[in-house]
Amino acid sequence: MRTAERDKMVEDIRAARPAGLARAISLIEDEAEGAGGLLEALHPHTGGAHVVGITGPPGSGKSTLTDRIVKHLRARGSTVGVIAVDPTSPFSGGALLGDRTRMADLATDKGVFIRSMGTRGSLGGLSRAVYGTIKVLEATEKDYVIVETVGVGQSEVDIARVADTVVVVFVPGLGDDVQAIKAGITEIGDLLVVNKADLPGASRIESTLESTLNLAPPRVEPAPKILTTSAERDEGVVDLIDMIVEHLALAKTTGLLACRRRMRAKAEITAILTRDIAKRTEISLSEPGADWYERLQDGRTTPGALAATIWRKLVIEEYEGVEDENSREASPGDRRGEHRRSHEDLL
Amino acid sequence: MSEGRIRVLIAKPGLDGHDRGAKVLARAMRDAGFEVIYSGLRQTPEQIVSAAVQEDVDVIGLSILSGAHNHLFPRILELLEEADAEDILVIAGGVIPEEDIAGLEDLGVSRVFTPGTSTSDAIDFIRERIGA
C-alpha cells in the first residue's frame, strides 16, 4: 500500500467514516499487504477505549445481552464498537455470522459500529484480527469496544488476554456444580452473569457460582461479582453496566488495568510472531525440491533438528544486523544475500 | 494465508416472516467457503445498506416473498449509491414475477433468481462476478 493510500485510510478511520473503517478491518482480517503498516500508523491513537469481553456457551444470550448493553450505553451518551465473532468452518473455510440478527436496530445508529468476524482458524474463541480491529475502533475514539466471543465450551479463554473487563455469561440447564468448579472459562470472569434469569434453575446456578467463589483460594485480583439478567426482558442490564464501569474504575486505581493492557500487548506480539513464523515455516517446507521428508524417513534428520534449522535460517534472513525496531528499515542488503547463499542448502 | 474471502450479506427486506429460503442459501454459501452475514427478518433498506457497509461485503443477497420488491429494492440501490457502495453486487431471490425482473435489473440488481433455482447457480454466479 502506498503512503498516500494509507494516510487516506488513517484519515477515514479517525473521522469514523464507515466505509473506510470497514475496508481497514477487511485488510487486517485478510492479513493483506499494508495491514501491518496501517496498524503502525494507527498505534498512537489507540488505547482509549474500555474493552469489554462477553463470553459464554452457545445460546446463552451473548448477542442479545450485547444489544441491550449497547443501547443503554448509547442512552448514556457513549459511543460503542462491537466485534462479534462466530466460528469458521474448518472444512469449507466459510462461516455463518449471525450475531447481527440480535442487534438489528443498532445498524443505523451512527454512534455504533458492528463488525462480524469468523474465527478463521483460531481456536481460542476469537479471531487473530481482533487485536487489530480493536485498534481500528479505538482510533475512531469509541468509548467502548465490546468483543463477543464465539459460543465457547470450556477452554477458549483468549478473551482474558484481550479485554479490560471480562463478562462470562451462564444460563440455567447446562449441568451441575462440578461444571462450575472446572478450570477454564469459569476462572476468567470479572463479572459472572446468570442470563435468562426468567427460566427455572437460574437461582440455583447463582448459588452454585457463589459457593464456588467461596471455595476459591484468595487472589490478588478482586473477587468476581455475580449478578442475574434477563437480556430478553432487559432486566438487570443497567446493573451490569454499572458493574462494568465500576470494574474499570477499580482496575485503574489498583494497577489491574495496566496489568491487563500489558497482557494484551504481549498476546498481540506473540500472535504476530506466531503467524509470521508459521507462514515462513510453511514456505521453507514447501520449497520445490526440498528433500526433508526423505531425509526424515531415512533417519538422517529429526523433526526437532529440522525445526532448529528453519529457525536459524529465519533469524539470519530476517533479523541479523537489525539493531532494534527503529532500524528495521535499514536492511542489511548485500550481507543478507551472503548469509542466504551460505545457508541456502541447509534444508 | 492472506486470502480475501467472499463476504455476503443475506437480508430480508420489509415485512415478511419466512426465511427458510434465505437460511438454505446462507448455509449453502457457508459450505462453499463464503463468509455469510445473516441480518435477520424485517430489515429496512437503511439497516441493510448500513450493515453491508460496516461488514464490507462483496455481495448483498435480498430475499423477498412479500411482493414489495418494486418498492424496497430501488431504495436499497439508491442508498448504496449515497454510501459510495454501488460496487457491491446486489442479487435477489424469492417470489418475484417474471415481468418485474427486467425493470429490477435495469435499476442495478445484477441477477434475480426465481423459485426452483439451485443454490449452486447463485454460488457460481457470485464466484464468476467476484472472481475469487
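Worth saying up front: this structure is predicted, and the values here are computed from it rather than measured.

Engineer: It is not clear to me how helix H4 (residues 98-107) of chain B should be interpreted in this structure. Could you clarify?
Structural biologist: Residues spaced three or four apart along an α-helix face the same direction, because each turn holds 3.6 residues. Residues and elements named next belong to chain B. Turning to H4, its buried residues are Asp100, Ile101 and Leu104. All buried residues of H4 fall inside an arc of 115° around its axis, so they share one side. Set apart from the buried face of H4 by more than 90 degrees, the exposed residues are Glu99 and Asp106. On its buried face, H4 sits against helix H3 (69-82) and strand S5 (111-113).

Engineer: What should I look at first to understand the sheet that holds strand S5 (residues 144-151) of chain A in this one?
Structural biologist: The strands that make up a sheet are held in pairs by hydrogen bonds between backbone atoms, and each pair lies either parallel or antiparallel. All names here are of chain A. Taken in spatial order, the 7 strands of this open sheet run S4-S2-S5-S1-S6-S7-S8, and their pairing is parallel. Edge positions in the sheet fall to strand S4 (112-118) and strand S8 (225-228), since each has one partner strand and no second. Neighbour to neighbour, the strand axes of the sheet diverge by 20° on average, direction disregarded. Judged from the 5 bridges that link them, strand S2 (residues 80-86) and S5 form a sheet pairing that is parallel. Across the sheet, Val80 pairs through a bridge with Tyr144, a residue of S5. Lying over the sheet, helix H4 (residues 62-75) contacts strand S1 (50-56), S2, S4, S5, strand S6 (165-170) and strand S7 (191-194), oriented at roughly 170° with respect to S5. Contacting S6, S7 and S8, helix H8 (residues 202-215) crosses the sheet at an angle of about 160° to S7.

Engineer: What exactly am I supposed to notice about the domain arrangement of chain A here?
Structural biologist: It is common to give the size of an interface as the accessible area lost on bringing the parts into contact. Residue and element names in this part refer to chain A. Under the domain assignment, chain A is made up of domain 1 (1-45), domain 2 (47-254) and domain 3 (261-343). Opposite the 12 residues of domain 2 that make contact, domain 3 presents 7 residues. Buried area between domain 2 and domain 3, both sides added, is near 820 Å², and the carbon and sulfur share of it is 52%. Taken as a group, Arg128, Tyr131 and Arg161 account for 54% of the area that domain 2 buries against domain 3, more than any other trio of residues on that side. Among the ionic pairs, Arg264 bridges to Glu138, the shortest N-O distance being 3.8 Å. The element contributing the most residues to the side of domain 2 that touches domain 3 is helix H5 (residues 130-139), with 4 residues. Residues that form the side of domain 2 that touches domain 3 fall into these classes: 6 nonpolar, 1 polar and 5 charged.

Engineer: What's the story with the packing of helix H9 (residues 237-254) of chain A against helix H10 (residues 256-285) of chain A in this structure? I'm lost.
Structural biologist: A pair of packed helices is characterised by two quantities: the angle between their axes and the separation of those axes. All names here are of chain A. At a minimum axis distance of 5 Å, the contact between H9 and H10 shows a crossing angle of 90°. The orientation of H9 with respect to H10, classified from their angle, is roughly perpendicular. Within the contact between the two elements, H9 uses His247, Leu248, Ala251, Lys252 and Thr254 and H10 uses Leu256, Leu257 and Arg260. Each residue belonging to the contact of H9 with H10 can be placed in one class, and the counts come to 4 nonpolar, 2 polar and 2 charged.

What counts and how
- Note that residues are indexed from 1 along each chain, following the sequence as it is written.
- Key to labels: chains lettered from A, ligands numbered from 1, both in the order written.
- In view of the model being predicted, local features appear only for residues whose pLDDT reaches at least 70, and side-chain atom pairs are presented and counted only at 80 or more, with totals across whole chains, interfaces and linings using the full set of residues.
- With hydrogens and water set aside, each side-chain value is computed from the structure's full complement of heavy atoms.
- Categorising residues by exposure relies on relative accessible area from a 1.4 Å probe, with only protein chains included: less than 20% of the type maximum marks a residue as buried, more than 50% marks it as exposed, and the intermediate range marks it as partly exposed.
- Secondary structure counts use DSSP, requiring at least four H or I residues in a row for a helix and at least two E residues in a row for a strand, with both numbered from the N terminus.
- As used here, the arc belongs to the directions running from the helix axis to the C-beta atoms.
- The criterion used for residue contact is that any of the two residues' heavy atoms lie within 4.5 Å.
- A strand pair is defined by DSSP finding two or more bridges across the two strands.
- Angles here are taken between N-to-C directions and fall from 0 to 180 degrees, while the axes themselves are lines fitted to C-alpha atoms, restricted in helices to the stretch in contact.
- Residue ranges for the domains trace back to a domain assignment, done automatically or taken from a database.
- Here the buried area means the combined drop in accessible surface, using a 1.4 Å probe, for two parts upon being joined, counting both sides.
- Between Lys or Arg on one side and Asp or Glu on the other, a salt bridge is scored when a side-chain nitrogen of the former is within 4 Å of a carboxyl oxygen of the latter.
- Any residue that is not Ala, Val, Leu, Ile, Met, Phe, Trp, Tyr, Cys, Pro, Asp, Glu, Lys or Arg is counted as polar, Gly included; the first ten are nonpolar and the last four charged.
- Working definition: roughly parallel below 35 degrees, roughly antiparallel above 145 degrees, roughly perpendicular at 65 to 115 degrees, and oblique for all remaining angles.

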